[in-house]
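Each chain, letter by letter, is given below.
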Amino acid sequence: MSFDVVVVGAGPAGATAAYQMGLAGAKVLLLDKAKAFPREKPCGGGLSARLLQRFPYVREFLDAGEVPVNPIRRVHLESPDGTRVTHEQENDPILYLIRRWEFDAALFRRAESVCTVRTGVTIRRCEVKPTHVELETTEGEIITAPLVIGADSANSVIARHTGLRTEAAHKEYAVDMMEETTYDRLQVADRESIYLFLTLTQTFGYGYIFPKTEHLNLGFGCKLDWYLTALRGKGADHHAEWVDTLKQKGDVTGETDRGGYKAFPIPVSGPLVKTYADRVLLAGDAGGFVNAFTAEGIYYAMTSGSLAADVALKSIRSQRYDGRQLSAYQKAWQREIGDDLRHSVEIQHRLFNGSGRMDSLVRSAKSDPELLRLIIGYSMGSARYDELRSYMMRSTVPTWVWSKVRAAVGLNA
Ligand SMILES: Cc1cc2nc3c(=O)[nH]c(=O)nc-3n(C[C@H](O)[C@H](O)[C@H](O)COP(=O)(O)OP(=O)(O)OC[C@H]3O[C@@H](n4cnc5c(N)ncnc54)[C@H](O)[C@@H]3O)c2cc1C
């Protein structure tokens, strides 16, 4: 059977792209190396409210109980010096916590209803020929199509083999070490809140506790080079120490499940310079679509997947697959999420540049509820960067603390 387009990777980016193209009548083949869905994906599973606005069918399947969800209205935020602030929102949730095991399977089912899907298929080579793209599986099978969407995550074969990702990986990635353990083993003081820790390990670091409906999810993120040079294969020990730290703080009780420990890379340097080539589009982590400050990626994966689908459908209709035609994708994501992602990289560089700025930011927010609301809102995707910036511009408090806080978001830096 021949296909209009092959999508490699059936996570949120690939499943969204495939579903949209299938609904529009395209002949789509969706491939994933996982043997079957549901499949494991290490993730905090925090969905921002804007994701539910952008993709109403997600709100529908959450409301219908197809995927268990814990809606969160309270956030505890802690700075490196241990200052803790709590923000609470009365009406709509700030974040929706799901398990990727269930969420990705729900997206996959939708794609499967309108596309051909194959699981247990790992792509190991991608070559763009003048008339088609050739994909080779680890079994030696050759799959061809006029167009490919690479949604094969942080270590994307499609991105590397097409020359779109060339940077030294250790500078571009973070590693998130986590576990998702049932409550009979590991408990949290407050199941209706999330906990965020701006921990700062050298140049980048955060910790989190995300309570799901039946599981406690907690983890710690750091830059990949720190993980490789300082932890040197001792990620699981570091994770156990992190759980002990959380116990000492009084946030967590019970025992870590060492068997459930997982580490996974996240691209945290913003989108790749170029996210398309002749006959190829990259979506999700494969294209670097992750917020570099918060490590939020699901919303950007689905949004980039959806925008890639729009452009792919036009290509299929016009039978034009050259880079010029596909460059419309780069313009589309720049319009919708480009500024947001660029700001996230700037904030990461400023805020994670020494713990002083984070301490000042959190201390200031402790006595300024509007600043706290904006910081949490920006971190959760509900407030815009401009709102945070202009609030700080309007503030007239002329102290050295303010100058540090302002530097953190790019004012008088
Ligand atoms: C520990 C951790 C916590 C996180 N927490 C959050 C959070 O709370 N909220 C949030 O929004 N984001 C979070 N993120 C980021 C988020 O998980 C990713 O940005 C998101 O999963 C990207 O979706 P994707 O579809 O691009 O890739 P993925 O979800 O990784 O899916 C890619 C798919 O491609 C398949 N694949 C890979 N290689 C191949 C191949 N060669 N051949 C065939 N198939 C292949 C994989 O099996 C997989 O199913 C977190 C990330 C980590 C690591």
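By the naming in an unreviewed UniProt entry, the protein goes by NAD(P)/FAD-dependent oxidoreductase and is assigned to Terriglobus aquaticus.

Burial within strand β15 (residues 193-197) is extensive, with 5 of its 5 residues counted as buried. Covered by surrounding structure in β15 are Ser 193, Tyr 195 and Phe 197 together with Ile 194 and Leu 196, the residues of both alternating faces. Sheet analysis places strand β5 (residues 74-78) next to β15, joined by 5 bridges and oriented parallel. Counted as the bridge partner of His 76 is Tyr 195 from β15. Relative to strand β16 (residues 205-211), β15 runs antiparallel, the two being bridged by 3 bridges. For Phe 197, the partnering residue across the bridge sits in β16 and is Gly 207.

With that settled, the discussion passes to the environment of Lys 274. Within the secondary structure, Lys 274 is located in the loop between β19 (262-267) and β20 (276-277). Linking Lys 274 and Ala 365, residues 91 residues apart in sequence, is a C-alpha distance of 38 Å. Among all residues touching Lys 274, those that are not within four sequence positions of it are Leu 164 and Gln 330. At 3.4 Å, the side chain of Lys 274 and the backbone oxygen of Tyr 276 are in polar contact.

Attention shifts here to unusual backbone geometry. Excluding glycine, a negative phi dihedral is what most residues carry, and trans is how most peptide bonds are arranged. Residue Phe 37 is joined to Pro 38 through a cis peptide bond whose omega torsion reads 0 degrees. Secondary-structure assignment places Pro 38 in the loop between β2 (28-32) and β3 (46-48). You will see that Arg 232, though not glycine, has its phi angle at about 40 degrees, which is positive. Examined against the element boundaries, Arg 232 turns out to sit in the loop between α7 (224-231) and α8 (235-248). One non-glycine residue, Gln 319, adopts positive backbone phi at about 60 degrees.

Around the ligand there are 37 residues in total, and Asp 32, Gly 44, Arg 100, Ser 153 and Asp 285 lie nearest to it. Between the ligand and Arg 39, the relevant distance is 2.9 Å, taken from an oxygen atom to a side-chain nitrogen or oxygen of the residue. In the model, an oxygen atom of the ligand is placed 2.8 Å from a nitrogen or oxygen of the Arg 100 side chain. Burial of the ligand by the surrounding chains reaches 94%, relative to a free accessible area of 1,000 Å². For the shell around the ligand, the elements supplying multiple residues, two or more each, are α1 (12-23), β13 (173-182), β16, β19 and α9 (298-318). When we break the shell around the ligand down by domain, the ones giving at least three residues each are domain 1 (5-45 + 99-167 + 271-341) and domain 2 (169-267).

Where helix α3 (residues 56-63) meets helix α4 (residues 100-112), the closest approach of the two axes is 12 Å, and the angle between their N-to-C directions is 120 degrees. Relative to α4, α3 is oriented oblique. Relative to α4, α3 is oriented so that their crossing is right-handed. In this structure, α3 uses Tyr 57, Val 58 and Phe 61 to contact α4, whose residues at the interface are Phe 103, Ala 106, Leu 107 and Arg 110. The class makeup of the residues in the contact of α3 with α4 is 6 nonpolar, no polar and 1 charged.

So, about the nonpolar core. Residues Met 21, Leu 47, Val 58, Phe 103 and Ile 149 are the most contacted members of the largest nonpolar core, which totals 59 residues. For this core, the secondary structure elements donating two or more residues are β1 (5-8), α1, β2, α2 (49-54), α3, α4, α9 and α10 (323-351). Counting residues per element, this core draws most heavily on α9, at 12 residues. When residues no more than four places from it in sequence are discounted, the contact partners of Val 58 are Leu 47, Leu 51, Leu 52, Phe 103, Leu 107 and Met 302. Membership of the second largest hydrophobic core comes to 39 residues, among which are Ile 266, Phe 352, Tyr 385 and Met 392.

So, on to a positive patch on the surface. Together, Lys 314, Arg 317, Arg 324, Lys 331 and Arg 335 line one region of the surface with positive charge. Contributing elements (two or more residues each) for the positive patch: α9 and α10. With 3 residues, the single largest contributor to the positive patch is α10. Judged by relative accessible area, which is 61%, Arg 317 ranks as exposed.

On to the packing of aromatic side chains. This structure, assessed with the given rule, holds 13 aromatic pairs. An angle of 75 degrees between the planes, with centres 5.2 Å apart, marks the rings of Tyr 19 and Tyr 57 as edge-to-face. With Tyr 19 in helix α1 and Tyr 57 in helix α3, this pair connects stretches of sequence that are 38 residues apart. For the pair formed by Tyr 19 and Tyr 57, the shared burial category is buried.

Right, let's talk about the sheet that holds strand β7 (residues 95-97) for a bit. Sheets are built from strands paired through backbone hydrogen bonds, the pairs being either parallel or antiparallel. Strand order across the open sheet formed by 3 strands is β3-β7-β4, with antiparallel pairing between neighbours. A strand with exactly one partner marks an edge of an open sheet, and here the two such strands are β3 and β4 (70-72). The mean angle between the axes of side-by-side strands here comes to 30 degrees, regardless of whether they run parallel or antiparallel.

In this section: the sheet that holds strand β6 (residues 84-88). Strands sit in the order β6-β5-β15-β16-β17-β13-β19 across an open sheet of 7 strands; the sheet is mixed. Each edge of the sheet is formed by a strand with only one pairing partner; in this case those strands are β6 and β19. Direction aside, neighbouring strands of the sheet carry axes that sit 20 degrees apart on average. Contacting β13, β17 (215-223) and β19, α7 runs over the sheet at an angle of about 90 degrees to β17.

How each quantity is defined
Starting afresh in each chain, residues are numbered from 1 along the sequence in its written order. Local features in this predicted model are restricted to residues of pLDDT 70 or higher, and side-chain atom pairs are both shown and tallied only at a pLDDT of 80 or more, whereas totals for entire chains, interfaces and linings draw on every residue. To obtain the side-chain values, all non-hydrogen atoms of the structure were used and water was disregarded. Each residue gets one of three labels from its accessible area relative to the maximum for its type: buried under 20%, exposed over 50%, partly exposed in between, using a 1.4 Å probe on protein chains only. Counting from the N terminus, the helices are the DSSP runs of H or I reaching at least four residues and the strands are the DSSP runs of E reaching at least two. Strand pairing follows a simple DSSP-based rule, namely that at least 2 bridges must link the two strands. Residue contacts follow a heavy-atom distance rule, with two residues in contact if any of their heavy atoms lie within 4.5 Å. Side-chain atoms alone can form a polar contact between residues adjacent in sequence; in general such a contact is a pair of N or O atoms within 3.5 Å, and within protein one must be able to donate a hydrogen while the other accepts it. Nearness of a residue to a molecule or strand requires only that one of the residue's heavy atoms be within 4 Å of it. Surface accessibility in these figures is a Shrake-Rupley result with a 1.4 Å probe; residues are shielded only by whichever protein chains are displayed. An automatic or database domain assignment is the source of the domain bounds shown. Simply put, an axis is a line fit to the C-alpha atoms, just over the touching stretch for a helix, and the angle between two N-to-C directions goes from 0 to 180 degrees. Our angle categories are set so that under 35 degrees counts as roughly parallel, over 145 as roughly antiparallel, 65 to 115 as roughly perpendicular, and the remainder as oblique. Less than a right angle of anticlockwise turn of the near helix away from the far helix marks a crossing as left-handed, whereas a clockwise turn marks it as right-handed. For this classification, Asp, Glu, Lys and Arg are treated as charged, while Ala, Val, Leu, Ile, Met, Phe, Trp, Tyr, Cys and Pro are nonpolar and the rest, including Gly, are polar. Definition of nonpolar core: a set of buried residues of the types Ala, Val, Leu, Ile, Met, Phe, Trp, Tyr and Cys, connected through side-chain atoms within 4.5 Å. Patch membership needs two things, relative accessible area over 30% and no salt bridge, and members are linked within 9 Å if like-charged or within 5 Å if nonpolar (Val, Leu, Ile, Met, Phe, Trp, Tyr). Salt bridges are defined as contacts in which a side-chain nitrogen from Lys or Arg sits within 4 Å of a carboxyl oxygen from Asp or Glu. A residue counts as positive if it is Lys or Arg and as negative if it is Asp or Glu; His and the chain ends are not included. Lysine's charge is taken at NZ, arginine's at CZ, aspartate's at CG and glutamate's at CD. Stacked, edge-to-face and tilted labels apply to pairs of Phe, Tyr and Trp rings (six-membered ring for Trp) whose centres lie within 6.5 Å, assigned for plane angles under 30 degrees, over 60, and everything in between, in that order.

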